[in-house]
Amino acid sequence: MPSINGVSSPAMDYASEVYSANLAKAAQQQKAEQDLALLAQATKNVTPAASSGSHSTTDNLGQNININV
């Protein structure tokens, strides 16, 4: 951050810290918004794992099991 005439060094250090913190906050907020948008997109087309009907699977011994939901 460039210096400003008439402003003390500690004040400039503080202003620089505040400015940097605001930039970091804005970047963090933008990333969070992108993450939420991606999450919303990812969950939009998800089909339920156990939709109603008859399902066939195998148990831990390899035997077929029919499950009605």
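Conventions and cut-offs
Residues numbered from 1 in each chain as written. Predicted model: local features only at pLDDT ≥ 70, side-chain atom pairs only at ≥ 80, totals over all residues. Heavy atoms only, no water. Helix = DSSP H or I, 4+ residues; strand = E, 2+ residues; numbered from the N terminus. Salt bridge = Lys/Arg side-chain N within 4 Å of Asp/Glu carboxyl O. Buried < 20%, exposed > 50% of the residue type's maximum accessible area, 1.4 Å probe, protein only.

J.: Honestly, the overall build of the chain in this entry has me stumped. Any pointers?
T.: Looking only at helices and strands, the chain has one helix and two strands in total. The linear arrangement of helices and strands in the chain, starting from the amino end, is α-β-β.

J.: How should I be thinking about the pattern of salt bridges in this particular structure?
T.: One pass over the full model with this rule turns up one salt bridge. The closest approach of N and O atoms between Asp35 and Lys31, which form a salt bridge, is 3.2 Å. Highlighted residues: Asp35 and Lys31, both in helix α1 (residues 9-44), separated by four residues, approximately one helical turn. By relative accessible area, Asp35 is classed as partly exposed at 36%. A relative accessible area of 48% places Lys31 in the partly exposed class.

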